[in-house]
Amino acid sequence: MAIVCAGLMLGLLVFSHAAMAAALAAARCFVNGVLPALLPMMVLGKMLPDCTKYERSSLGRWLELTLFSFAAGSPASAQRAVGRREAFSERDWECLLCLTGVMSPMFFTGTLAGWLESARDGWLLLGLHWLGAAVTAGLWRVLSTADKAPAAAARRTPADKTALPQAIAQSAQSLLCVCGAMMVFSVAAALVRSLLGAIFPAWTARHADWLAVLWAVMEIGGGSNSVIRTCTHPQALLSALCGFGGLSIWLQNLLFLEKSIRPAKLLAMRALHGAVCYALVRAFSPF
């Protein structure tokens, strides 16, 4: 680990301009596209257990978390889901993470639609993203060998008069972690691109699309923009990458889920979602 850290520090010094530009771009993306949409949802995610009646039926719990997650996206969905962990069996919990591990709808209908210059494509990709999450949850239920014990009785958190100030303070602190994850993986992608460009300049010049995909796998925000600029007809690839969500969103969700799920298992869920989304776009493309 010490050798890896030393190598990264050396890379930051050698490619300091590219690293700072990547960090600044990630921070700009966070301020302009992530913060305005995510902060209200994260505050609501912390407030709702204190302000609403907890649905005691299994269907009510699934519906509540699914609707919130589809409206909020990650990592607000992970924050919301972890507070309901005791209400689900192990297998249901894993299926729930597959179903709710989606990206913000505003990213599809606003950001991606603008980059693609097509509101229709943005909405179609969002619909297939949600459908892919449902299919992924169903596949995971079939393949999972986790415990199928009945769900535990749900417990309601007592109301707290200071819930709003606490929710704002805790959400603001969590958002700094989100921004940090975006910046770290954006810088890592920039370092890889700079290193490859220095060693294999001709290859990198010919394979800008590959580097764009690598960027999106690490950090979906800036990477998806690069994919749109360098790839022809990128909708299927974009759908797969958004289903995966990038290592940045994977890490953001882990920050909230903590020990509720193994990192490798969560990564496998995200990879399955990406594969399902790619297959769905290919299947529906003739129509």
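Cut-offs and rules
Position numbers for residues count from 1 along each chain, tracking the sequence in the order it is written. Per-residue local features are limited, in this predicted model, to residues with pLDDT of at least 70; the limit for side-chain atom pairs, both in listing and counting, is 80 or more; totals at the level of whole chains, interfaces and linings are taken over all residues. Values shown for side chains rest on all heavy atoms present in the structure; no hydrogens or waters enter the calculation. A run of H or I in DSSP counts as a helix once it spans at least four residues, and a run of E counts as a strand once it spans at least two, with each numbered from the N terminus. Expected helix span is given by 1.5 Å per residue-to-residue step, counting one fewer step than there are residues. For each residue, the accessible area found with a 1.4 Å probe, counting protein chains only, is set against the maximum for its type, and the residue is called buried under 20%, exposed over 50%, and partly exposed in between. Here a polar contact is recorded for every N or O atom pair within 3.5 Å, except that within protein the pair must consist of a potential hydrogen donor and a potential acceptor, and residues adjacent in sequence are included only if both atoms are side-chain atoms. Any two residues whose heavy atoms approach within 4.5 Å at even a single point are treated as in contact. For salt bridges, the criterion is a side-chain nitrogen of Lys or Arg within 4 Å of an Asp or Glu carboxyl oxygen. Patch building starts from residues that exceed 30% relative accessible area and form no salt bridge, then joins like charges within 9 Å and nonpolar side chains (Val, Leu, Ile, Met, Phe, Trp, Tyr) within 5 Å. To measure how exposed things are, a 1.4 Å probe is used in the Shrake-Rupley method; for residues, cover is taken only from the protein chains shown. Pairing of aromatic side chains requires ring centres within 6.5 Å, counting the rings of Phe and Tyr and the six-membered ring of Trp. Pairs whose planes differ by under 30 degrees are stacked, by over 60 edge-to-face, and all others tilted. Whether a charge sits over a ring comes down to the Lys NZ or Arg CZ being within 6 Å of the ring centre and within 35 degrees of the ring normal. On a range of 0 to 100, pLDDT expresses the predictor's confidence in each residue.

**A few points about helix H3 (residues 58–72)**
Then step 1. Between its first and last C-alpha, H3 extends 21 Å over 15 residues, near the 21 Å set by a 1.5 Å rise per residue.
Then step 2. Among all positions of H3, only Gly60, Arg61, Trp62, Glu64, Leu65, Thr66, Phe68, Ser69, Phe70 and Ala72 are buried.

**Let's talk about the side chain of arginine 80**
Then step 1. Topologically, arginine 80 is positioned in helix H4 (residues 76–82).
Then step 2. Residue classification places arginine 80 among the buried positions, given a relative accessible area of 3%.
Then step 3. Within polar-contact distance, the side chain of arginine 80 engages the side chain of glutamate 64 at 2.4 Å.

**Thoughts on the environment of tryptophan 93**
Then step 1. With respect to the helices, strands and loops of the structure, tryptophan 93 is situated in helix H5 (residues 90–100).
Then step 2. Along the primary structure tryptophan 93 and valine 82 are separated by 11 residues, whereas in three dimensions their C-alpha atoms are 9.4 Å apart.
Then step 3. Residues within four places of tryptophan 93 in sequence aside, it is in contact with Ala81, Val82, Arg85, Phe88, Leu257 and Ser260.

**Looking at helix H12 (residues 235–244)**
Then step 1. H12 sits mainly inside the fold: 8 of its 10 residues count as buried.
Then step 2. The complete set of buried residues in H12 reads Ala236, Leu238, Ser239, Ala240, Leu241, Cys242, Gly243 and Phe244.
Then step 3. Residues of H12 that are buried sit in contact with helix H6 (105–116), helix H7 (119–143), helix H10 (208–218), helix H11 (220–230), helix H13 (246–257) and helix H14 (263–284).

**So, the pattern of salt bridges**
Side-chain pairing between opposite charges can occur once the charged atoms of the two side chains come close.
Then step 1. Evaluation of the coordinates by the stated rule reveals 6 salt bridges.
Then step 2. For glutamate 64, the salt bridge is made with arginine 80, and the minimal N-O distance between the two is 2.4 Å. A residue pair is termed long-range when its members are at least 10 positions apart, and glutamate 64 in helix H3 and arginine 80 in helix H4 qualify at 16 residues.
Then step 3. What makes glutamate 64 buried here is its relative accessible area of 18%.
Then step 4. In this structure, the salt-bridge partner of aspartate 92 is arginine 141, at a minimum N-O distance of 2.4 Å. Here arginine 141 lies in helix H7 and aspartate 92 lies in helix H5, a separation of 49 residues in the sequence.
Then step 5. On the basis of relative accessibility, which here comes to 18%, the residue aspartate 92 falls in the buried class.
Then step 6. Where salt bridges share partners, they join Glu64, Arg80 and Arg84 into one cluster.

**Description of a nonpolar patch on the surface**
Then step 1. A cluster of nonpolar side chains, namely Leu131, Val135, Leu139, Val142, Leu143, Phe284 and Phe287, defines an oily patch on the protein surface of about 740 Å² accessible area.
Then step 2. No other element matches the 5 residues that H7 contributes to the nonpolar patch.
Then step 3. With respect to the secondary-structure elements, valine 135 resides in helix H7.
Then step 4. Given the relative accessible area of 32%, valine 135 is considered partly exposed.

**Observations concerning the packing of aromatic side chains**
Then step 1. Counted by the stated rule, this structure contains 5 aromatic pairs.
Then step 2. Taken together, a centroid distance of 5.7 Å and an interplanar angle of 90° make the contact between tryptophan 62 and phenylalanine 88 edge-to-face. Within this pair, whereas tryptophan 62 is found in helix H3, its partner phenylalanine 88 is found in the loop between H4 and H5, the two being separated by 26 residues in sequence.
Then step 3. Relative to tryptophan 115, the ring of phenylalanine 107 lies with its centre 6.3 Å away and its plane at 85°, an arrangement referred to as edge-to-face.
Then step 4. For phenylalanine 107, a relative accessible area of 14% translates into the label buried.
Then step 5. Here a set of aromatic residues connected by ring pairs shows up, and it is made of Phe107, Phe108 and Trp115.
Then step 6. Cation over ring: arginine 61 sits above phenylalanine 88, and NZ or CZ is 5.7 Å from the ring centre.
Then step 7. Over the ring of phenylalanine 68 we find arginine 80; its NZ or CZ atom is 5.5 Å from the centre of that ring.

**Some words on unusual backbone geometry**
Then step 1. In this structure, the amide linkage connecting serine 74 to the following residue, proline 75, adopts the cis form with an omega of 0°.
Then step 2. As for its placement among the helices and strands, proline 75 is situated in the loop between H3 and H4.
Then step 3. Of note in the backbone geometry, glutamate 117 takes a positive phi value of approximately 55° without being a glycine.
Then step 4. Its location among the elements puts glutamate 117 in the loop between H6 and H7.
Then step 5. Judged by relative accessible area, which is 74%, glutamate 117 ranks as exposed.
Then step 6. For histidine 233, which is not a glycine, the phi torsion comes out positive at approximately 50°.
Then step 7. Within the secondary structure layout, histidine 233 lies in the loop between H11 and H12.

**Let's talk about the confidence of the model for the protein chain**
Then step 1. Confidence in the prediction of the protein chain, expressed as mean pLDDT, is 84, and 90% of residues score 70 or more.
Then step 2. Within the model, pLDDT remains below 50 along residues 50–54, and this stretch shows 11 contacts once partners closer than five positions in the same chain are excluded.
Then step 3. Every residue in residues 151–159 scores below 50 in pLDDT, and together they form 19 contacts with partners more than four places removed in sequence or on other chains.

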